[in-house]
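Fold and geometry: a report
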Amino acid sequence: MASLSGLFSSSPSLKPTKTLSVKAFSAPPTRGDSFSFPHTSKPTLLPLTLSTPHSLARDISHTDAKKELIKDPDALWKRYLDWLYQQKDLGLYLDVSRVGFTDEFVVEMEERFKSAFKAMDELEKGSIANPDEGRMVGHYWLRNSSLVPKPTLKTLIENTLDSICSFSDDIISGKIKPPSSPTGRFTQILSVGIGGSALGPQFVAEALAPDNPPLKIRFIDNTDPAGIDHQIAQLGEELASTLVIVISKSGGTPETRNGLLEVQKAFRDAGLNFAKQGVAITQENSLLDNTARIEGWLARFPMYDWVGGRTSVMSAVGLLPAALQGIDIREMLAGAAIMDEATRTTSLKNNPAALLAMCWYWASDGVGSKDMVILPYKDSLLLFSRYLQQLVMESLGKEFDLDGNTVNQGLTVYGNKGSTDQHAYIQQLREGVHNFFATFIEVLRDRPPGHDWELEPGVTCGDYLFGMLQGTRSALYANGRESISVTIEEVTPRSVGAIIALYERAVGLYASLVNINAYHQPGVEAGKKAAAEVLALQKRVLSVLNEASCKDPVEPLTLDEIADRCHAPEEIEMIYKIIAHMSANDRVLIAEGSCGSPRSVKVYLGECNVDDMYA
Ligand SMILES: O=P(O)(O)OC[C@H]1O[C@H](O)[C@H](O)[C@@H](O)[C@@H]1O
């Protein structure tokens, strides 16, 4: 693994120090005259300060009253033409005409974007864009290493890319072989990781893996034992020809560690040598890195301090699994690089990421008052909304702004795919509670050339899909529901790289507009900490039960008795849940009562462990 020493800085986290509450809204903006999409009221943009109390926008945000329709097709066509964005090299279009922002709003946003563009420029030049963690934010450098602020990083990025390509070539060609496989080559990948260490690889695999990839991929992205067993069972004999890629930026995420331990056990049970089939992708000197080094795993690839998990798909995290599936990763990087370039322009109208961010702001009042429904009309893009959930919600879902004001920001993302979702929840979108705006992802090419046929005169299967998309867009709009359309010509490594880059930049710009840190995730720690406390309590419960079960005769205990002996009477409900879970898994026995009536329950362990008693 290339040396990463000296690249990482750590600094104490900077917590917001104050909570301000400033009422600073003026009258709602006037509507544009050439095109009006009459929301009942919208928050006026505040003066260009970095301490905008966006949460207050809720107080005056528009009601959900049905909007009037734009009846005039000429005006709509003009708006479509006026605002249509095209990136020729990528064959990508962005249509924001069905979002009802006004000319006045655009003018105000142009002002506000000046500082967003400046912040983005500084980020790309290596500023500490994640102030709470004292980190640079460098995912844009992964696809254009000439941008890096330090020459050592350029070498690191390029060397890692080269080593990913040569390692995957050697695996695919069979030059690197699994030690005990009868086939003599690796045929399967088992990717173990969670969050940003899974969602990108999953999305890319679903979008781009060929029908018969050189290696097929499976994922363990949870600590669900049954889910893990299922993946291992599905591999069956092919475990011997499975390359296990363990991905964790931090190298210490419990779910990933558990997945690894479970897979290692499966290898032991099958008499296989895990180390000869294991690959780690992690930061240098993390727990995972040290484990892989000490155990002599097949390979290790670096993750960088300056790349966040949710923007890591173009690091080894996403590139190695993709390359092993025969996906052209340099094309993915090229698509992202072109989009990065296109989204650097400071002309709002010509910057597709800025247009997206502006529409999000308009549609959700800059406070996330409406959800973003992502509807790709292409099966292979099914996981895009799932991928975006982390990218958008972990980035934008923040309690405090950069000045320490309580803002509770965010933007909710959901969606699966069209036309499938039309038969599920589109009914509510069109007629029910008006709490969303839609984004259609349209793919022009239905099938590879030469494979199409007409299933009825003049109409192909893809024409139906096209019709469903356009019909839904029109039907939603006719009922006052706003939508954005992103169109790509085909689903290729280049276009997938481009749409990832498009949304990464849009999230970064939007975060600047609402003055939050998009690059940390302080809220995630609370759940992790609470989980650790539950497991610590479980150990105390087990110890108390063990002691009682070693008595002669065995002393079954009530929940109150267990709680008392754990010195945790306030945790009795949690103790009950722990007992119920262990009982369901045959790890404690119920002497009296049943789990359904907690007061009646008396519990003991099946056997006494004397070692534990004196531990
Ligand atoms: O890659 P890892 O360090 O294992 O982290 C996996 C995930 O863990 C946390 O939940 C973070 O909030 C995510 O941003 C991250 O992607």
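A brief report on the enclosed structure follows. (Residues numbered from 1 in each chain as written. Predicted model: local features only at pLDDT ≥ 70, side-chain atom pairs only at ≥ 80, totals over all residues. Heavy atoms only, no water.)

**Side note on the site of the ligand**
- Of all residues adjacent to the ligand, which total 13 residues, the nearest are S197, S248, S250, T253 and E394.
- Contacts to the ligand include G196, whose backbone N or O atom sits 2.8 Å from an oxygen atom.
- The side chain of T253 places a nitrogen or oxygen atom 2.5 Å from an oxygen atom of the ligand.
- Within the complex, 87% of the 390 Å² of free accessible area of the ligand lies under protein.
- Contributions of two or more residues to the shell around the ligand are made by α12 (384–396) and α16 (522–549).
- In terms of residue class, the shell around the ligand is made up of 2 nonpolar, 8 polar and 3 charged. (Near = heavy atom within 4 Å. Polar contact = N/O pair within 3.5 Å; in protein donor to acceptor, adjacent residues only side chain to side chain. Areas by Shrake-Rupley, 256 points an atom, 1.4 Å probe, with all protein chains shown as cover. Helix = DSSP H or I, 4+ residues; strand = E, 2+ residues; numbered from the N terminus. Nonpolar A, V, L, I, M, F, W, Y, C, P; charged D, E, K, R; others polar.)

**Remarks on unusual backbone geometry**
- With an omega dihedral of 0°, the bond running from G418 to S419 counts as a cis peptide bond.
- With omega at 0°, the peptide bond leading from D552 into P553 counts as cis.
- Note that P553 resides in the loop between α16 and β14 (557–558).
- Residue D365 is not a glycine yet carries a positive backbone phi of 60°.

**Focus: the sheet that holds strand β4 (residues 216–220)**
- The parallel open sheet is built from 5 strands, whose spatial order is β4-β3-β5-β6-β7. A strand with exactly one partner marks an edge of an open sheet, and here the two such strands are β4 and β7 (299–302). Taken pair by pair, the neighbouring strands of this sheet meet at an average axis angle of 20°, ignoring direction.
- Where strand β6 (residues 278–282) and β7 come together, 4 bridges link them in parallel fashion. (Pairing = 2+ DSSP bridges. Axes fitted to C-alpha atoms, helices over the stretch in contact; angles between N-to-C directions.)

**Description of the state of the cysteines**
- Applying the stated rule across the entire model yields 1 disulfide.
- Residue pairing for C550: its cysteine sulfur links by disulfide to C608, the two sulfurs lying 1.9 Å apart. Because the sign of the S-S torsion sets the handedness, a value of about 95° for the bond joining C550 and C608 places this disulfide among the right-handed ones. One end of the pair, C550, is in the loop between α16 and β14; the other, C608, is in the loop between β16 (602–604) and α19 (610–613), and 58 residues separate them in sequence. (Disulfide = S-S within 2.5 Å.)

**Section: the packing of aromatic side chains**
- Within this structure, the stated rule accounts for 18 aromatic pairs.
- Taking 4.5 Å as the distance between ring centres and 5° as the angle between the ring planes, the aromatic pair formed by Y304 and W306 counts as stacked.
- You can call W306 buried: its relative accessible area is 2%.
- Members of the aromatic cluster, joined through ring pairs, are F105, F203, W360, Y361, W362, F384, Y387, Y503 and Y510.
- The aromatic ring of Y477 is capped on one face by R98, whose charged end is 5.3 Å from the ring centroid. (Phe/Tyr/Trp six-rings, centres within 6.5 Å; stacked < 30°, edge-to-face > 60°. Buried < 20%, exposed > 50% of the residue type's maximum accessible area, 1.4 Å probe, protein only. Lys NZ or Arg CZ within 6 Å of the ring centre and 35° of its normal.)

**Section: the layout of surface pockets**
- In this structure, the second largest pocket spans a volume of roughly 410 Å³.
- If you go around the second largest pocket, you meet 21 residues; those closest to its centre are A119, A129, L402, S512 and I516.
- For the lining of the second largest pocket, the element with the highest residue contribution is helix α3 (residues 103–124), accounting for 6 residues.
- Looking at side-chain class alone, the lining of the second largest pocket contains 13 nonpolar, 6 polar and 2 charged residues. (1 Å grid on protein atoms, 1.4 Å probe; cavity = no way out; pocket = protein on both sides within 12 Å on 5 of 7 lines; lining within 4 Å. Points joined across faces, edges and corners; volume = space filled by probe spheres on them.)

**What to know about empty space enclosed by the protein**
- The full count for this structure, using the stated rule, is 5 cavities of 30 Å³ or more.
- Estimated volume of the largest cavity: approximately 70 Å³.
- Around the largest cavity, the lining residues are L142, I157, T160, L161, I164, Y304, M314, S315, A316 and L319.
- Breaking the lining of the largest cavity down by element, the ones donating at least two residues are α4 (151–173) and α9 (316–324).
- Considering each element in turn, the lining of the largest cavity owes the most residues, 4 residues, to α4.
- Here the lining of the largest cavity is built from residues that sort into 8 nonpolar, 2 polar and no charged.

Shape descriptors only; they carry no functional weight alone.
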